[in-house]
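Residues per chain are reported as follows:
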Amino acid sequence: MSEFDVPLFHFSRGTFVEADYQDPLIEDYRSNPLLEALPPIWDEKTVVQKLASRPKFHASERELPVHLRLHCVQRISRDFFQPLSRHLELEQSISRLIRDGYVGRNPLTPNYAFRARKDAYELIMKGSTSGYPVNTPTSAGFALVGISGIGKSSSLLRILQMYPQVILHRKYQGKDMPAPYQIVWLKMDCPHDGSIRGLCLNFLLAVDSLVGTKYYKKNVTKNPDELLPLMAQAAAVHCLGVLVIDEIQNLQEAKDDRAAQMLNFFVQLVNTIGLPVILVGTYKALPALNGEFRNARRNSGQGDATWHHFKKDEEWTWLLQGLWKYQWTDKKAELNQEFIDIMYDESQGISDIAIKLFMLTQWRTLDKEMEQITPELIRSVAKDRLTLIRPALEALRSGKKKQIQNFADIYSSVSIDDYLDRIEAEQRQAERLELIRNELGYDVVEQTVNEVCAWLVEAGIDRQSAKRSAEKVVQAHLSELDRVDLHKEALKLALHTQPVPSSASTKQRGRSNSKVILTEPNDLRVIVSQGRKKKLSAYEALKAVGYIKNPLEFLG
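Residues numbered from 1 in each chain as written. Predicted model: local features only at pLDDT ≥ 70, side-chain atom pairs only at ≥ 80, totals over all residues. Heavy atoms only, no water.

## As for the sheet that holds strand E1 (residues 16-18)
And then number 1: Pairing is mixed in the open sheet, where three strands are placed in the order E1-E3-E6. Here the strands that pair on one side only, and so sit at the sheet edges, are E1 and strand E6 (181-183). Taken pair by pair, the neighbouring strands of this sheet meet at an average axis angle of 25 degrees, ignoring direction.
And then number 2: The pairing of E1 with strand E3 (residues 166-168) spans three bridges and is parallel. Bridge pairing links Glu 18 to Leu 168 in E3.
And then number 3: Taken strand by strand, helix H8 (residues 196-211) contacts E3 and E6, and its axis lies near 130 degrees from that of E6. (Pairing = 2+ DSSP bridges. Helix = DSSP H or I, 4+ residues; strand = E, 2+ residues; numbered from the N terminus. Axes fitted to C-alpha atoms, helices over the stretch in contact; angles between N-to-C directions. Contact = heavy atoms within 4.5 Å.)

Laid out in structure tokens, this is it:
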């Protein structure tokens, strides 16, 4: 058995799901198992709900000892994510890119696996990438470039994780699949020295960890010219949907013509096997992205994404509104215009810096035994703790081109076309922000109702009952929203009021809604399932709702 004939078994490092073939609803995507096994194409409202992430928080935690509250603050960097218009645009681009890339790569095509091996084998024998046969690509890719710290990598990873990374195919329409493992996405960093050999070996090692092959072990001693075609072959055989290369600005460190060679190879991946490639980096990467890859991606139809720092506008305020809820200080400081202005001034609209500054300020407030954060404290923390990046922030604050040019990661020269594109993007941004607000809610009460409602729907409650129960419970606890387990109270109410669906209506729902609706008040599965989503064990979830008691309560 060759390294390309992979046995079917579970791996300790790779995570995969069994293929569940669904009608993709678009004719171009039908009769292709790689496309039918993907999740449905989500609308923007669904994407908002899937991307939004809120740290676990209860106002009662403000009464915990300081040394414990310091750890609670850390949840912000780990769990907080506020969807913004740029995230919806990026999700749509990736959704189209992955699917368009699979249109021309159907494993049911005669000799699909053989052709993937044969092309790469001939390349290996020639010892050069120049002989790779060029087909008409169905998809190309795009570059995501932006200021350092604006959330490019974390946002991209969060969107990719909406898809299973590996899908296991056994049979499709009664026939054995020639390619059992479909790697939907693979994200990796460009080596610090821009080394092609390092990139290829990292890629092969990542594939090994996902599908149990031994590419790395068998090829670790080979030179770059031999590794590049092996990388292409592995991508083709395992039906890679999209390859994401982060930190692409490291190509600036590549020796000789290695940067041009690597970018040319990405173009060949597109031209030969139709593999979409996304390159991610700071503004420093822009010079390296000119040339071959720039010409290739013009045909992708997705358009490059350039993420500048935020303006002090409604979207910036929306970001802070989502962040401001999570305060573990003795008293909560209400968000006002002074806080909005100071947070912007000290972070210059760079979201990662703003979030870190908010956390650092809380930590200092707790350390100093102060009651709440203040504008003066934010200024003080920024001055003391952001010393390494202060010169770059000062350059942005000045607005002077010469000063900003000294920091390649935050500087971008903007052409007139870019300027016109940005005006159009800002108009679309306002529309998307309105959609996000409508979906998540404009204020704290509305956001809480929508979040509880979505939680109930996932638990199997019909949307109408979920909405009604969420509204009643939130209204009943307006003065103590952070002190009551609203999910538990709303679930109790919904279970007592939701009608049991008839067997006939259940059948009519079809495959897409075949999930069992749990309506028994004492059914523990709902509690355990929802507890798991909150990262609680079954024991902790059951204890939280009163099903498990402290045995000391029963001792006389």
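## Focus: the nonpolar core
And then number 1: Within the largest apolar cluster, 129 residues are counted, with the highest numbers of intra-cluster contacts made by Ile 76, Phe 203, Leu 243 and Phe 266.
And then number 2: It is H8 that contributes the most residues to this core, ten residues altogether.
And then number 3: In this structure Phe 203 touches Leu 186, Met 188, Met 231, Ala 234, Ala 235, Leu 240 and Leu 243, once residues within four positions along its chain are discounted. (Core = buried A, V, L, I, M, F, W, Y, C linked by side-chain atoms within 4.5 Å. Buried < 20%, exposed > 50% of the residue type's maximum accessible area, 1.4 Å probe, protein only.)

## Focus: the pairing of strand E9 (residues 277-282)
And then number 1: The buried count for E9 comes to six of six residues, which makes it a mostly enclosed element.
And then number 2: Neither face of E9 is left uncovered, since the one carrying Val 277, Leu 279 and Gly 281 and the one carrying Ile 278, Val 280 and Thr 282 both have all their residues buried.
And then number 3: Two strands pair when backbone bridges link them, and strand E2 (residues 141-146) and E9 are joined in this way by six bridges, in the parallel orientation. In the strand pairing of E9, Gly 146 is matched with Thr 282.

## Notes on the pattern of salt bridges
And then number 1: On inspection of all chains with the given rule, the structure shows 16 salt bridges.
And then number 2: Between Arg 30 and Glu 27 there is a salt bridge, and its shortest N-O distance comes to 2.8 Å.
And then number 3: The class of Glu 27 is exposed, set by a relative accessible area of 57%.
And then number 4: In this structure, a network of salt bridges that share partners links the residues Asp 345, Glu 346, Arg 379, Arg 390 and Glu 394. (Salt bridge = Lys/Arg side-chain N within 4 Å of Asp/Glu carboxyl O.)

Read these as geometric descriptors, not functional statements.
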